[in-house]
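Spelled out from the first residue to the last, the chains are:
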Amino acid sequence: MSHNYIVNCLYSITKQKNILEENEMKLRLNFETANPEMYQTMLKLEEFISNSGLDIKLYKLLKIRASQLNGCDFCNDMHTQAMRTMGEAEERINLISSWRDTPYYSEVEKVVLELTEAVTFIANTGVPEQLYDRVRIHFDENQYMTLIMAINTINCWNRIAISTEMYPGCFI
């Protein structure tokens, strides 16, 4: 790594810290230290999903969509940055919220995004039979349950982040 690269990174981090301090955003608490067992349990859920065979990009897409729906800026920021690091096209990242109206998503991705919306807002309509049937065209019973667990996991992370007032850059 060059000296200039390191200096630029440090400058960027310092600039972000200054912006955060100017905006006086503060965490309610650090959930990792407040309840380490809960944090480890959440990491075990992530490990289960990571080892399940679920495509990582598909998992990131559903994480971003759920985070948008839940209004979790911390998670939305984290997962969109991860997608960029993975080389995902900006159009696909920027247009996730309008996935129905764009040509950038495959049929599999669209059905997973729709399932993410249904499970995130489960009290509204549940998972309609037609949606379940479309999902099952692409995923077997085991994979379906993994998708449900993945959606539930990001919804749980969103609720933790929102209720502890996490915000983009809060751990910088």
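Further up the page is the structure itself.
I will try to describe carefully the structure that is included in this document.

Attention now goes to the side chain of Thr102. Relative to the elements of secondary structure, Thr102 occurs in the loop between helix H6 (90-94) and helix H7 (107-120). Assessed through its relative accessible area of 11%, Thr102 is described here as buried. Residues within four places of Thr102 in sequence aside, it is in contact with Leu95 and Lys110.

Attention shifts here to the packing of helix H4 (residues 56-70) against H7. Running from N to C, H4 and H7 cross one another at 35 degrees; their axes reach a closest spacing of 9 Å. The hand of the H4/H7 crossing is right-handed. Of the residues in H7, those touching H4 at Leu58, Leu61, Leu62, Arg65, Ala66, Leu69 and Asn70 are Val108, Glu109, Val112, Leu113, Thr116, Glu117 and Thr120. Of the residues belonging to the contact of H4 with H7, the class tally is 8 nonpolar, 3 polar and 3 charged.

This part covers the side chain of Asn155. Summarising the element assignment, Asn155 is placed in helix H10 (residues 141-163). One polar contact links Asn155 to Asn70, side chain to side chain, over a distance of 2.6 Å. Apart from residues lying up to four places away in sequence, Asn155 is in contact with Ala66, Asn70 and Thr120.

Take the pattern of salt bridges next. A complete count under the given rule lists 9 salt bridges for this structure. A single network of salt bridges, built from pairs that share partners, joins Lys57, Glu88, Arg92 and Glu109.

Another point: the nonpolar core. Counting 32 residues, the largest nonpolar core has Leu62, Leu115, Val135, Leu147 and Trp157 as its most contacted members. Of all the elements in the fold, those that place two or more residues in this core are helix H3 (36-50), H4, helix H5 (73-85), H7, helix H9 (129-138) and H10. Filtering out sequence-adjacent residues up to four positions away, Val135 remains in contact with Val111, Leu115, Tyr144 and Leu147. Listed in part, the 8 residues of the second largest apolar core include Ile96, Trp99, Tyr105 and Leu113.

Basis of the calculations
Residues numbered from 1 in each chain as written. Predicted model: local features only at pLDDT ≥ 70, side-chain atom pairs only at ≥ 80, totals over all residues. Heavy atoms only, no water. Helix = DSSP H or I, 4+ residues; strand = E, 2+ residues; numbered from the N terminus. Buried < 20%, exposed > 50% of the residue type's maximum accessible area, 1.4 Å probe, protein only. Contact = heavy atoms within 4.5 Å. Axes fitted to C-alpha atoms, helices over the stretch in contact; angles between N-to-C directions. Left-handed = near helix turned anticlockwise from the far one by under 90°. Nonpolar A, V, L, I, M, F, W, Y, C, P; charged D, E, K, R; others polar. Polar contact = N/O pair within 3.5 Å; in protein donor to acceptor, adjacent residues only side chain to side chain. Salt bridge = Lys/Arg side-chain N within 4 Å of Asp/Glu carboxyl O. Core = buried A, V, L, I, M, F, W, Y, C linked by side-chain atoms within 4.5 Å.

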